[in-house]
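Letter by letter, the chains look like this.
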Amino acid sequence: MSLFANLPEAATDAAFALIEAYKADTFPLKVDLSPGFYRDEDARPWILPSVEKAKQDLLNDSTADHEHAPILGHEALIHSAQRLVFDATCEDTATIASIQTIAGTGANHLGALFLAKARCPRTVWISDPSWINHQEIWQLVDSGIERQTYPYFDKQSFIIDFEGTISTLNLKAREGDIVILHGCAHNPTGLDLTKDQWKAVADVCEEKKLVPFFDVAYQGFATGDLAEDAWSVRHFFHNTSLEMLVAQSFSKNFGLYGERVGVLHVVCRTEIARSKATNMLSRLSRAEITTAPINGAKIVAKVLGDTNLKQQWQNDLLHMSHRMKSMRKRLVDALLKRQTPGAWEHILTDIGMFSMTGLQPDQIQTLKERYHIYLLPSGRISITGLTEHNVEYVAEAFHKVTVATKFV
Ligand SMILES: Cc1ncc(COP(=O)(O)O)c(C=O)c1O
């Protein structure tokens, strides 16, 4: 008998399973509303023009080689990443320990590992619902750290349960607990806190001595505005004395999904603490990946370090966020025109690529089996799967499944 025969069964990843099922589907009108990837007007992957230009420039660089990056990562990437997310001056960065990671997932993982080793926290607070990997990462990093949720989403009215969020943190969180916060474009709800609400969360974190851990996977991609999408992080950084972590991903905003580019920042507030944190991060990362991949890092650094390319990139971000906004409107118009049962108007004001539909598991199953439309069992849709060619088909299918269920 194998040493591994009694391993517990792990559930297959719902999102990746759907991607495979969609690929295997030969129906010509199939629609993929499941993945967290940007798709263009024809539902195809899109290479950002700024990224394409940077790639060409890098290919023409005859001095380029395939040597390792330093343990902390590609230096130009790290500096640009700090400025981008914190709007940090050189003086500010003297107390931030930053390290390149395997995209946003790696930054979340390394951050969790770092906190587990450095702080032994009792509890990590995760929004309900949240990006599915938050629970999994913390569970695997240290199952002794209690994972608790704060109620973020009011499923009946498709709004944020702000009272629930604040009162849970106020009444139940204890000093030293970690709070995972989505910097912008909350996944899966598409609902972000207002600036006043962010200020209130920052106040609770300060009063209760909690440790915020921001997950920033959509800066610029969410609204097209880099400053707006980083407002929450910048508020905590500039207007509080909180020490905190930021997991920064360049997957969505650069369309560099498979290149795996990310940075983890630990805001320490003193230079001595920064040096200690840097040391610990280097050690943990060395034991896991030695050094991070260089190709995507060079592309991001090139774009952020060149005024013209950065301008082009901001135009690319606007292009993506405008397309998502216009698809939101097309879908809602098509559903309202049909008087489709359900609450749809929030889709217009949700931010980023996701929205919750309220569709039920049996309806989602019918959408897949009868209409070849794929979405996650939670009812989350990815707006980028919608195009001018398929939006009426999708609305009609949503209409049919909701009407059929209503009159059963
Ligand atoms: C909130 C959130 N964090 C992190 C990630 C991971 O991104 P990456 O592909 O950079 O690992 C995602 C991706 O869907 C996400 O939605």
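- As recorded by an unreviewed UniProt entry, the chain carries the name Aspartate aminotransferase and is attributed to Hypocrea virens.
- Of the chain, the UniProt comment under Catalytic activity (unreviewed entry) reads exactly: "L-aspartate + 2-oxoglutarate = oxaloacetate + L-glutamate".
- According to UniProt, the comment filed for the chain under the heading Subunit (unreviewed entry) is "Homodimer."

## Re the side chain of Ser127
In step 1: If you trace the backbone, Ser127 turns up in strand β3 (residues 123–128).
In step 2: A distance of 3.0 Å separates polar atoms of two side chains, one belonging to Ser127 and the other to His186.
In step 3: Setting aside chain neighbours within four positions, we find Ser127 in contact with Tyr150, Tyr152, His182 and His186.

## A short note on the nonpolar core
In step 1: Residues Phe250 and Phe398 are the most contacted members of the largest nonpolar core, which totals 58 residues.
In step 2: For this core, the secondary-structure elements that each account for two or more residues are α2 (49–59), α3 (75–86), β10 (261–267), α12 (295–304), α13 (307–337), α15 (361–371) and α16 (391–406).
In step 3: Inspection of this core shows a minimum of three residues originating in each of domain 1 (14–47 + 310–406) and domain 2 (68–305).
In step 4: Setting aside residues no more than four positions away along its own chain, Phe398 makes contact with Leu33, Leu335, Thr340, Trp344, Thr357, Leu359, Leu367, Leu375 and Ile381.
In step 5: Of all hydrophobic cores here, the second largest spans 34 residues; its members include Phe158, Val179, Val201 and Cys205.

## Observations concerning helix α8 (residues 195–208)
Residue pairs spaced three or four apart in an α-helix point in one direction, given the helix's 3.6 residues per turn.
In step 1: Look at α8: 20 Å from first C-alpha to last across 14 residues, which is about the 20 Å you get at 1.5 Å a residue.
In step 2: Lining the buried residues of α8 we find α7 (162–172), β7 (178–182), β8 (211–216) and α10 (231–239).
In step 3: Immediately beyond the C-terminal end of α8, within one or two residues, lies Lys209, with a positive phi of roughly 55°.

## Here we look at α7
In step 1: Within α7 the residues assigned to the buried category are Phe162, Gly164, Thr165, Ile166, Thr168 and Leu169.
In step 2: Elements in contact with the buried residues of α7: β3, β4 (146–151), β6 (159–160), β7 and α8.

## Some remarks on the site of the ligand
In step 1: Around the ligand, a shell composed of Ala103, Gly104, Thr105, Trp131, Asn187, Asp215, Ala217, Tyr218, Ser249, Ser251, Lys252 and Arg260 is seen.
In step 2: Ser249 is positioned with one of its side-chain polar atoms (N or O) 2.6 Å from an oxygen atom of the ligand.
In step 3: Protein coverage of the free-state accessible area of the ligand, which is 400 Å², stands at 91%.
In step 4: Class assignment of the residues belonging to the shell around the ligand gives a composition of 4 nonpolar, 5 polar and 3 charged.

Quick notes on the rules
- Residues numbered from 1 in each chain as written.
- Predicted model: local features only at pLDDT ≥ 70, side-chain atom pairs only at ≥ 80, totals over all residues.
- Heavy atoms only, no water.
- UniProt positions renumbered as here; feature names shortened; annotations may be inferred.
- Helix = DSSP H or I, 4+ residues; strand = E, 2+ residues; numbered from the N terminus.
- Polar contact = N/O pair within 3.5 Å; in protein donor to acceptor, adjacent residues only side chain to side chain.
- Contact = heavy atoms within 4.5 Å.
- Core = buried A, V, L, I, M, F, W, Y, C linked by side-chain atoms within 4.5 Å.
- Buried < 20%, exposed > 50% of the residue type's maximum accessible area, 1.4 Å probe, protein only.
- Domains from an automatic or database assignment.
- Expected span 1.5 Å × (residues − 1).
- Near = heavy atom within 4 Å.
- Areas by Shrake-Rupley, 256 points an atom, 1.4 Å probe, with all protein chains shown as cover.
- Nonpolar A, V, L, I, M, F, W, Y, C, P; charged D, E, K, R; others polar.

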